[in-house]
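# Examination of the molecular architecture
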Amino acid sequence: MKVNIHEAKAHLSEYLSRLQEGETVVICKRNSPVAEIRAIPGRPKGARPIGLAKGTFKVPKSFFEPLPRDLAALFEGKGD
């Protein structure tokens, strides 16, 4: 749907309900498109399944090694 700025201002609440239904509104200035308004995708409903990335990443052994002293000091608020 294409609307001019004045029409968009006058009927914004109506357009918002149409956006929720999946429609897109193109805002025009003197019949020239300048912006597009789309609904924000909704959050997925329900719990996220566990293990979606299983097998795609392996924690390297170095992850469990102690941090260098200067880096550890930064985490403790003792560094620059």
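Preceding this paragraph is the structure being described.
Figured I'd write up the structure that's included with this text.

What counts and how
Residues numbered from 1 in each chain as written. Predicted model: local features only at pLDDT ≥ 70, side-chain atom pairs only at ≥ 80, totals over all residues. Heavy atoms only, no water. Helix = DSSP H or I, 4+ residues; strand = E, 2+ residues; numbered from the N terminus. Rg over C-alpha atoms; globule rule 2.2 N^0.38 Å. Buried < 20%, exposed > 50% of the residue type's maximum accessible area, 1.4 Å probe, protein only. Contact = heavy atoms within 4.5 Å. Areas by Shrake-Rupley, 256 points an atom, 1.4 Å probe, with all protein chains shown as cover. Lys, Arg positive; Asp, Glu negative; His and termini not counted. Charge placed at Lys NZ, Arg CZ, Asp CG, Glu CD. Core = buried A, V, L, I, M, F, W, Y, C linked by side-chain atoms within 4.5 Å. Pairing = 2+ DSSP bridges. Axes fitted to C-alpha atoms, helices over the stretch in contact; angles between N-to-C directions. Salt bridge = Lys/Arg side-chain N within 4 Å of Asp/Glu carboxyl O.

Turning next to the overall build of the protein. Tallying secondary structure elements over the protein gives three helices and three strands in all. For 80 residues, the compact-globule formula gives about 12 Å, and the C-alpha radius of gyration of the protein, at 25 Å, lies well above that figure. In terms of its C-alpha atoms, the protein occupies a principal-axis envelope of roughly 60 × 40 × 20 Å. Residue burial in the protein is summarised as follows: out of 80 residues, 11% are buried. Within the protein, contacts between residues separated by at least 24 positions form 24% of all contacts whose residues are at least 6 apart in sequence. Accessible surface for the protein amounts to roughly 7800 Å². Of this, 56% is attributable to carbon and sulfur atoms. Counting 14 positive and 9 negative side-chain charges, the protein places the centres of these two groups 4 Å from one another.

Let us look at unusual backbone geometry. Although it is not a glycine, Arg30 adopts a positive phi angle of roughly 55 degrees. For Arg30, the location among the structural elements is in the loop between β2 (25–29) and β3 (32–37). The phi torsion at Asn31 lies on the positive side, around 65 degrees, for a residue other than glycine. Topologically, Asn31 is positioned in the loop between β2 and β3. Given the relative accessible area of 63%, Asn31 is considered exposed.

By size, the foremost hydrophobic cluster in this structure holds six residues: Val3, Ala8, Tyr15, Leu19, Val25 and Ile27. Only α2 (12–20) and β2 provide two or more residues apiece to this core. With residues up to four places along the chain from it excluded, the contact list for Val3 reads Ala8, Tyr15, Val25, Val26, Ile27 and Cys28.

Ordered in space as β1-β2-β3, the three strands form an open sheet in which the pairing is mixed. Of all strands in the sheet, those with a lone pairing partner are β1 (2–4) and β3, marking the two edges. Neighbour to neighbour, the strand axes of the sheet diverge by 35 degrees on average, direction disregarded. Bridging between β1 and β2 involves three bridges; their strand directions are parallel. Residue pairing in the sheet places Val3 in a bridge with Ile27 of β2.

Summed over all chains, the structure comprises four salt bridges. With a closest N to O distance of 2.9 Å, Arg38 and Glu36 form a salt bridge. Lys78 serves as the salt-bridge partner of Glu76, at 3.3 Å between the closest nitrogen and oxygen. Residue classification places Glu76 among the exposed positions, given a relative accessible area of 52%. Salt bridges sharing common partners tie together Glu14, Arg18 and Glu23.

By themselves, these are just geometric observations and shouldn't be taken as functional.
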